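The lines below spell out each chain.
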Amino acid sequence: MSVTDRYLNAWEAFWSETSDEQGDAIWDSDPSLTAAPHLDLLAPHADRTLPVVDLGCGNGTQTRFLAGRFARAVGVDLSRAAVERARRADRRALAEYARLDLVDAAAVRALHERLGDSNVYLRAVIHQSDAQDRAPVARAVARLAGRRGRAFVVEPTRAAGDVLAGVAQGPDGPPAKLRRVLTHGLRPAAAPDGEVCALLRSAGLEILAEGHTELAMTAFHPDGRRILLPAQWFVAGRL
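For clarity, every value in this text was computed on a predicted model and none was experimentally measured. (Residues numbered from 1 in each chain as written. Predicted model: local features only at pLDDT ≥ 70, side-chain atom pairs only at ≥ 80, totals over all residues. Heavy atoms only, no water.)

Account for the pairing of strand β1 (residues 52-55), naming residues and giving values.
Alternating residues of β1 divide into Val-52 and Asp-54 and Val-53 and Leu-55, and every residue in both groups is buried. With four bridges connecting them, β1 and strand β2 (residues 73-77) associate as parallel partners. Within the sheet, the bridge partner assigned to Asp-54 lies in β2 and is Gly-75. In this region the chain leaves β1, passes through helix α3 (residues 61-67) and returns to the parallel neighbour β2; the handedness of that crossover is right-handed. Bridge count for β1 against strand β4 (residues 119-123) is four bridges, and the pairing is parallel. Paired with Asp-54 across the bridge in β4 is Tyr-121. (Buried < 20%, exposed > 50% of the residue type's maximum accessible area, 1.4 Å probe, protein only. Helix = DSSP H or I, 4+ residues; strand = E, 2+ residues; numbered from the N terminus. Pairing = 2+ DSSP bridges. Right-handed = clockwise from strand over helix to strand, strands pointing away.)

This is the structure we're talking about:
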């Protein structure tokens, strides 16, 4: 099983047209606004001697941050163009990067065999996945975590879609960074509220902690406020 050609081509096109400049993608915020506070939530539950796998790593901004805080860091993404950008940006070779289709169970199993049980960082991937792929993505999280790893999963809620719709309907239309997302057929905040929690449990994971937060974007409202998307986070693992 693999993702649809439409989905794969959309991401390849998006990352091929994104520059190497950090922040060019709307979600590529500085780790101080993203991975750092997320790690604070994960840390009480995680064994940092295990590797960390950044699923949907994009250009690797968050992967590089995580690399200094775990024994080993691996960033994976569906898009080859994204992986190439991540490697270029990682001038100190802090992490490893590879292309991975999260719904390819055999490829996910092979990565787990190579790394062993790992901590998993999944930021805003399920909400963008096609409906039929969300359960396989959750199973990939569970497979990579194994018995000892812990997963931090954060996804926009449906309210995030309302925020983006409001921004898109401004007097000047969508900001350029949001327009690129929409032009490529990517669907922000597509997963129904409650689905992410149910998917993780169906994959065999226990919810160890959860809460609400906001995902900081690199684009801004017309009045200069940073766009913040309502989101829910989970720490999950096997007990």
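Can you tell me about the packing of aromatic side chains, naming the residues and giving the values?
Tallied over the entire structure, the rule returns eight aromatic pairs. Members of the aromatic cluster, each reached through a chain of ring pairs, are Tyr-7, Trp-11, Phe-14, Trp-15 and Trp-27. It is Arg-48 that lies over the ring of Phe-70; its NZ or CZ is 6.0 Å from the centre. The residue whose ring lies beneath Arg-69 is Phe-65, and the NZ or CZ to ring-centre distance is 3.7 Å. (Phe/Tyr/Trp six-rings, centres within 6.5 Å; stacked < 30°, edge-to-face > 60°. Lys NZ or Arg CZ within 6 Å of the ring centre and 35° of its normal.)

Explain the sheet that holds strand β7 (residues 226-237) residue by residue, including any values.
Taken together, the seven strands give an open sheet; going across it, the order is β3-β2-β1-β4-β5-β7-β6, and neighbouring strands pair in mixed fashion. Of all strands in the sheet, those bounded by a partner on one side alone are β3 (96-99) and β6 (206-220). Sheet twist, expressed as the mean angle between neighbouring strand axes with direction ignored, is 20°. The pairing of strand β5 (residues 150-156) with β7 spans seven bridges and is antiparallel. (Axes fitted to C-alpha atoms, helices over the stretch in contact; angles between N-to-C directions.)

Please give an account of the packing of helix α5 (residues 105-115) against helix α6 (residues 134-145) that cites residues and values.
At their nearest, the axes of α5 and α6 sit 9 Å apart, and the two run at 20° to each other. Put simply, α5 runs roughly parallel to α6. α6 is crossed by α5, and the crossing has right-handed handedness. Contacts between α5 and α6 involve Val-108, Arg-109, Leu-111 and His-112 from the first element and Ala-140, Arg-143 and Leu-144 from the second. A breakdown of the residues in the contact of α5 with α6 according to their chemical character gives four nonpolar, one polar and two charged. (Parallel < 35°, antiparallel > 145°, perpendicular 65-115°, else oblique. Left-handed = near helix turned anticlockwise from the far one by under 90°. Contact = heavy atoms within 4.5 Å. Nonpolar A, V, L, I, M, F, W, Y, C, P; charged D, E, K, R; others polar.)

Describe the environment of Thr-157, with residues and values.
Locating Thr-157 in the fold gives a position in the loop between β5 and α7 (158-168). Looking at Thr-157, the relative accessible area reads 11%, which means it is buried. Each C-alpha atom, one on Thr-157 and one on Ala-124, is 9.9 Å from the other, the two residues being 33 residues apart in sequence.

Outline unusual backbone geometry, listing residues and values.
Backbone geometry at Ala-93 places phi at a positive 50°, although glycine is not the residue there. With respect to the secondary-structure elements, Ala-93 resides in the loop between α4 (80-89) and β3. Of the residues examined, Ala-93 reaches a relative accessible area of 60% and is grouped as exposed. Positive phi, normally seen in glycine, also occurs at Ala-124, with a value near 55°.

Provide a residue-level description of α4, including the pertinent values.
Taken residue by residue, α4 has Ala-81, Ala-82, Val-83, Arg-85 and Ala-86 as its buried positions. Buried residues along α4 sit against α1 (5-16), α3, β2 and β3. The opening residue of α4 is Ser-79, an N-cap whose side-chain oxygen sits 3.2 Å from the backbone nitrogen of Ala-81. (Polar contact = N/O pair within 3.5 Å; in protein donor to acceptor, adjacent residues only side chain to side chain.)

Hey, could you go over the nonpolar core for me, with residue numbers and the actual values?
One finds Trp-11, Phe-14, Trp-15, Trp-27, Leu-55, Leu-122 and Leu-200 to be the most contacted residues of the largest nonpolar core, which totals 78 residues. Beyond its immediate chain neighbours, meaning those up to four positions away, Trp-11 contacts Trp-27, Leu-78, Ser-79, Gln-128 and Leu-186. (Core = buried A, V, L, I, M, F, W, Y, C linked by side-chain atoms within 4.5 Å.)

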